[in-house]
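Listed below are the residues making up each chain.
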Protein chains: 2
Amino acid sequence: MAGTPKANAVVGQSGGPTGVINASLVGVIEEVCKHNEIENLYGAINAVQGIIREDFVDLKKLSIEVIEGVASCPSSALGSSRDKPDKKYCGRILEVFKKRNVRYFFYIGGNDSANTAHIINLMAAEVGYEMRAFHIPKTIDNDLLVTDHCPGFGTAAKFVASALMGDDLDNRALPGIKIDCVMGRNAGFLAAAAVLGKQRDDDGPHLVYVPERPISMDKFLGDVDGIYKKLGRCVIVVSEGICDVDGKTWTEKITKENEKDAHGNIQLSGTGALADFLSGQIRGKLGAKRVRADTFGYLQRSFVGFQSSIDVDEARRCGREAVKFSMKEQSGSVAMERIGEGEDYAVKLICTELRNVAEKTKSMPDEFINADGNGVTEAFINYAMPLTGELQRTYFLGNYPRV
Amino acid sequence: MAGTPKANAVVGQSGGPTGVINASLVGVIEEVCKHNEIENLYGAINAVQGIIREDFVDLKKLSIEVIEGVASCPSSALGSSRDKPDKKYCGRILEVFKKRNVRYFFYIGGNDSANTAHIINLMAAEVGYEMRAFHIPKTIDNDLLVTDHCPGFGTAAKFVASALMGDDLDNRALPGIKIDCVMGRNAGFLAAAAVLGKQRDDDGPHLVYVPERPISMDKFLGDVDGIYKKLGRCVIVVSEGICDVDGKTWTEKITKENEKDAHGNIQLSGTGALADFLSGQIRGKLGAKRVRADTFGYLQRSFVGFQSSIDVDEARRCGREAVKFSMKEQSGSVAMERIGEGEDYAVKLICTELRNVAEKTKSMPDEFINADGNGVTEAFINYAMPLTGELQRTYFLGNYPRV
């Protein structure tokens, strides 16, 4: 950067952790080391909180052993924060950047993080402070705009698909009705990924409900009853954000006022309430004997030792590419563009404007959800299948010929 | 067997599935193929139910590809059953055995399955029907007598330990109080296994509660408060079967009468009620802001693609050994005897009498639980560590020096 040949950079990780957000961090670190323009790379502890506290780790000094170890670990190695900085907060960030001669800011996170980078970029321009701000996408919900899919989704999808493969085998062994509640407040991609391990016609999950399609209790119970009568068992996946036909989430309907937080928000994750409510409805109204419900919770985003290799590679590429883009662009958000399908699956990394990603979210497109609103389409499977890496083949001998 | 050179064999899988019960099945199949004494090997679909229905798969005809695929899959490939046959039921089983010239019975399961094999063995002797009955151990609870540990436990322990490694990293990234509820009605081995991935002094889980040590709500809240004040976060693991000081399980205390089953039993698994109750208590009485609860549910026993290699090997050996024992003994249960510790860890397989295993269960020995009743000892770690296979190393950069 003209006039500041030895500027510094800050990288942070924001919002909910994922299985590969650390791979993106490592991508940033390794690429920064290739560019003499950047002297120090400060890792901000707990995201923006660490910036205003000036709580930084020197990331260029880490050993390659630690770097590769970090890349293979889930969760945010720098810690995270759910703060959504306003202009005043961003002003404080900018003060620290000036003090420490930080001219490059890389922020790994969702749409709120893109917005933080966007505000800081605009403010720096306003006050004539020359710096560059880049957003690197991550979510398990897969709900960011522009990018074909988000780093973090593939690993979470692999976890959910593998869980359902096992759960369906378990449900074959001891038949009954099983409900699995999957993360996803507004977007159903992760719940939909539960189908990716299906290998036989009668494999579960047999029903998948996503937030994009409101569902009445009558329709839900009717669907379950139909499958249960046909197969003698039924495996159901629901997004935590599924809604009734009046648009209210089921969780909102069953949550007592005193269980809301200070902002009146309802906690969707970290509780088994929705799954337990649905299993109670099935037990009470369908009279089914063996009804079980599991809520996958935080395991979906932070399970150790179960990354999707393609997701790790892409997350790391996104981190590296953000640094490369910062050498020629003023600001932007890294996005993946799909340039090949099926066995030729490949992505190209592009740089989109921060405002295209900031504060907005994406839902499942209509063509990914079946007409009945209780399952996914081939189009979704073709879209999502390359992202999990190879899934194990499963076997059940109860389908084999008898003697 | 004298007089019946071409007898047949039946194998079945009973009770709750595990991650390696299929490896034991495959061990039986491959060993049976080496013994000319056995002509057909019938796989009973849904355990004893399949025997009385004569619902059998010819296991010697399966391709090696299927056999190895089955060995790598969780859950019970033949299906399962929770029937606990009495003498009358066992009489019907014996009728089928006579009709099909079944002279060898291999039953993979827990203490109830050992009891079924025991009853059938006694009845066959009574009526002078020459046959041999063997039990092959499996449980994720690790609660069978005689054997050092149970096939199935190591894989479930690897899952729980890996889940906690990830969950602790997640809790470091976004600090708060996290409760994880782990399977285990009477024995706390699996909850205790949550500590096996701990690598730093302040790694969670910080508190582990097992059914063997009653815990009052006051003591529980005091423990949590202490850790939370010290570390600013707290990760807690509870067995689903934890009890209050009056001996009643916490789940029993919070379950409404109408949620019990026909036998008055309370459903512990497949519901998030206990974890949600405990998180409600913490939120209400400690005033902590971020409190989350997960119940691991059926993922612990039937997750695809995450077996412990040592557990798979041992489960398969137990299956093979049962067949070998059947060539020289009348009946028995296969058990593992530990003959080496630490890096020299090894087991020897022995044959114990069925009545030594039937209908009884084992709890965590006192020396595995800490004096305060809220954690485990080094003795437990030395016992359990070899069973999971190697666990991944984890990294958190928030512990690194600041610049």
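Since we're looking at a predicted model, the values are computed, not measured.

## Focus: the overall build of chain A
Turning to step 1, where the next piece is worked out: The helix and strand tally for chain A stands at 13 helices and eleven strands.
Turning to step 2, where the next piece is worked out: Scaling as 2.2 N^0.38, a compact globule of 403 residues should have a C-alpha radius of gyration of about 22 Å, and chain A matches this with 23 Å.
Turning to step 3, where the next piece is worked out: Projected onto its principal axes, the C-alpha positions of chain A cover 80 × 50 × 35 Å.
Turning to step 4, where the next piece is worked out: Within chain A, contacts between residues separated by at least 24 positions form 76% of all contacts whose residues are at least 6 apart in sequence.

## Some points on the sheet that holds strand E9 (residues 291-295) of chain B
All names here are of chain B.
Turning to step 1, where the next piece is worked out: Spatially, the four strands line up as an open sheet ordered E7-E8-E6-E9, and their pairing is parallel. Whereas interior strands pair on both sides, the edge strands pair on one side only; in this sheet they are strand E7 (207-209) and E9. Direction aside, neighbouring strands of the sheet carry axes that sit 15° apart on average.
Turning to step 2, where the next piece is worked out: The pairing of E7 with strand E8 (residues 234-239) spans three bridges and is classified as parallel. The partner of Val208 across the bridge, within E8, is Val237.
Turning to step 3, where the next piece is worked out: Helix H10 (residues 273-286) contacts strand E6 (177-182), E8 and E9 of the sheet and is inclined by roughly 165° relative to E9.

## Regarding the nonpolar core
Turning to step 1, where the next piece is worked out: One finds Phe106, Val160 and Ala192 of chain A together with Phe106, Val160 and Ala192 of chain B to be the most contacted residues of the largest nonpolar core, which totals 263 residues.
Turning to step 2, where the next piece is worked out: In contact with Ala192 of chain A, not counting residues within four places along its chain, are Val208, Val210, Met364, Phe368, Val376 and Phe380 of chain A.

## Overview of the pairing of strand E4 (residues 102-109) of chain A
All names here are of chain A.
Turning to step 1, where the next piece is worked out: In terms of residue burial, E4 counts as a mostly covered element, since eight of its eight residues are buried.
Turning to step 2, where the next piece is worked out: Where strand E1 (residues 7-13) and E4 come together, six bridges link them in parallel fashion. Bridging across to E4, Val11 finds its partner in Phe106.
Turning to step 3, where the next piece is worked out: Here six bridges tie E4 to strand E5 (residues 132-137), and the two strands are oriented parallel to one another. Of the residues in E5, the one forming a bridge with Tyr104 is Arg132.
Turning to step 4, where the next piece is worked out: With respect to chirality, the unit in which E4 leads through helix H5 (residues 111-127) into the neighbouring parallel E5 is right-handed.

## Things to note about the interface of chain A and chain B
In many analyses, interface size is given as the accessible surface area lost on bringing the parts together.
Turning to step 1, where the next piece is worked out: Tallying the contact residues gives 59 residues for chain A and 61 residues for chain B.
Turning to step 2, where the next piece is worked out: Of all the secondary-structure elements, those providing two or more residues to the side of chain A that touches chain B are strand E2 (38-44), strand E3 (56-58), helix H3 (64-71), helix H6 (153-173), helix H10 (273-286), strand E9 (291-295) and helix H11 (299-302) of chain A.
Turning to step 3, where the next piece is worked out: Here the side of chain A that touches chain B gets nine residues from one element, more than from any other, and that element is H6 of chain A.
Turning to step 4, where the next piece is worked out: A breakdown of the residues in the side of chain A that touches chain B according to their chemical character gives 29 nonpolar, 19 polar and eleven charged.

## Some thoughts on the relation of the copies chain A and chain B
Turning to step 1, where the next piece is worked out: Each copy of the sequence occupies a distinct position, and chain A is placed on chain B by a rotation of 180° and an axial shift of 0.0 Å, giving an RMSD of 0.0 Å. The superposition of one copy onto the other is thereby described by a two-fold rotation axis. Taking the C-alpha atom as reference, chain A places Gly272 of chain A closest to the rotation axis, 2.2 Å from it.
Turning to step 2, where the next piece is worked out: The share of interface residues of chain A whose copies in chain B are also at the interface is 100%, consistent with both copies meeting through the same surface.

## Description of H10 of chain A
Turning to step 1, where the next piece is worked out: Given a rise of 1.5 Å per residue, 14 residues ought to cover 20 Å, and the 20 Å separating the end C-alpha atoms of H10 of chain A matches this to within 8%.
Turning to step 2, where the next piece is worked out: Along H10 of chain A, the residues that are buried comprise Ala273, Leu274, Ala275, Asp276, Leu278, Ser279 and Ile282 of chain A.
Turning to step 3, where the next piece is worked out: Residues of H10 of chain A that are buried sit in contact with strand E6 (177-182), helix H8 (217-231), strand E8 (234-239), helix H9 (250-254) and E9 of chain A together with H10 of chain B.
Turning to step 4, where the next piece is worked out: In the segment just after H10 of chain A, Gly287 of chain A is the residue with positive phi, at about 65°.

## A word on the environment of Ile242 of chain A
Residue and element names in this part refer to chain A.
Turning to step 1, where the next piece is worked out: Structurally, Ile242 can be placed in the loop between E8 and H9.
Turning to step 2, where the next piece is worked out: On a C-alpha basis, the gap between Ile242 and Ala187 in space is 9.4 Å, while along the polypeptide they are 55 residues apart.
Turning to step 3, where the next piece is worked out: Residues within four places of Ile242 in sequence aside, it is in contact with Tyr209, Pro211, Ile215, Thr249 and Trp250.

## With respect to unusual backbone geometry
Leave glycine aside and you will find that most residues have negative phi; peptide bonds, for their part, are mostly trans.
Turning to step 1, where the next piece is worked out: Residue Pro205 of chain A is bonded to the preceding Gly204 of chain A through a cis peptide linkage, with omega at 5°.
Turning to step 2, where the next piece is worked out: Assignment of secondary structure puts Pro205 of chain A in the loop between helix H7 (189-192) and strand E7 (207-209).
Turning to step 3, where the next piece is worked out: For Asn101 of chain B, which is not a glycine, the phi torsion comes out positive at approximately 55°.
Turning to step 4, where the next piece is worked out: Along the polypeptide, Asn101 of chain B turns up in the loop between helix H4 (87-99) and strand E4 (102-109).
Turning to step 5, where the next piece is worked out: You can call Asn101 of chain B partly exposed: it has 13 C-beta atoms within 10 Å.

## Considering the sheet that holds strand E11 (residues 346-352) of chain B
All names here are of chain B.
Turning to step 1, where the next piece is worked out: Pairing in this open sheet of seven strands is mixed, and the strands run E3-E2-E1-E4-E5-E10-E11 from one edge to the other. With partners counted over all chains shown, the strands left at the sheet margins are strand E3 (56-58) and E11, one partner each. Neighbour to neighbour, the strand axes of the sheet diverge by 25° on average, direction disregarded.
Turning to step 2, where the next piece is worked out: The pairing of strand E2 (residues 38-44) with E3 spans three bridges and is classified as antiparallel. By the bridge assignment for E3, Ala44 is matched with Phe56.
Turning to step 3, where the next piece is worked out: The strands that helix H1 (residues 21-32) touches are strand E1 (7-13), E2, E4 and strand E5 (132-137); relative to E1, the one it contacts most, it runs at about 170°.

## What about the domain arrangement of chain A?
Residue and element names in this part refer to chain A.
Turning to step 1, where the next piece is worked out: As assigned here, chain A comprises domain 1 (7-151 + 305-356) and domain 2 (155-302 + 364-386).
Turning to step 2, where the next piece is worked out: With centres defined by C-alpha atoms, the gap from domain 1 to domain 2 works out at 32 Å.
Turning to step 3, where the next piece is worked out: In this assembly, 18 residues from domain 1 lie in contact with 15 residues from domain 2.
Turning to step 4, where the next piece is worked out: Grouping the constituent residues of the side of domain 1 that touches domain 2 by class yields seven nonpolar, seven polar and four charged.

## Remarks on the environment of Val20 of chain A
All names here are of chain A.
Turning to step 1, where the next piece is worked out: Within the secondary structure, Val20 sits in the loop between E1 and helix H1 (21-32).
Turning to step 2, where the next piece is worked out: Its 34 C-beta neighbours within 10 Å are what place Val20 among the buried residues.
Turning to step 3, where the next piece is worked out: Here the alpha-carbon distance between Val20 and Ser302, two residues 282 residues apart in the chain, equals 9.1 Å.
Turning to step 4, where the next piece is worked out: Among all residues touching Val20, those that are not within four sequence positions of it are Pro151, Gly152, Thr155, Gln307, Asp311, Val312 and Ala315.

## Considerations on H1 of chain B
Since the α-helix packs 3.6 residues into each turn, any two residues three or four apart lie on the same face.
Residues and elements named next belong to chain B.
Turning to step 1, where the next piece is worked out: With twelve residues, H1 extends 17 Å between its outermost C-alpha atoms, agreeing within 8% with the 16 Å of an ideal straight helix rising 1.5 Å per residue.
Turning to step 2, where the next piece is worked out: All buried positions along H1 are accounted for by Ile21, Asn22, Ala23, Ser24, Leu25, Val26, Gly27, Val28, Ile29, Glu31 and Val32.
Turning to step 3, where the next piece is worked out: Its buried side turned inward, H1 meets E1, E2, helix H3 (64-71), E4, E5 and helix H12 (309-326).

The rules behind the values
Residues numbered from 1 in each chain as written. Chains lettered and ligands numbered in written order. Predicted model: local features only at pLDDT ≥ 70, side-chain atom pairs only at ≥ 80, totals over all residues. Helix = DSSP H or I, 4+ residues; strand = E, 2+ residues; numbered from the N terminus. Rg over C-alpha atoms; globule rule 2.2 N^0.38 Å. Contact = placed C-beta atoms within 7 Å. Pairing = 2+ DSSP bridges. Axes fitted to C-alpha atoms, helices over the stretch in contact; angles between N-to-C directions. Core = buried A, V, L, I, M, F, W, Y, C linked by C-beta atoms within 7 Å. Buried ≥ 20, exposed ≤ 12 C-beta atoms within 10 Å, placed from the backbone. Right-handed = clockwise from strand over helix to strand, strands pointing away. Nonpolar A, V, L, I, M, F, W, Y, C, P; charged D, E, K, R; others polar. Least-squares fit on C-alpha atoms with pLDDT ≥ 70 in both. Expected span 1.5 Å × (residues − 1). Domains from an automatic or database assignment.

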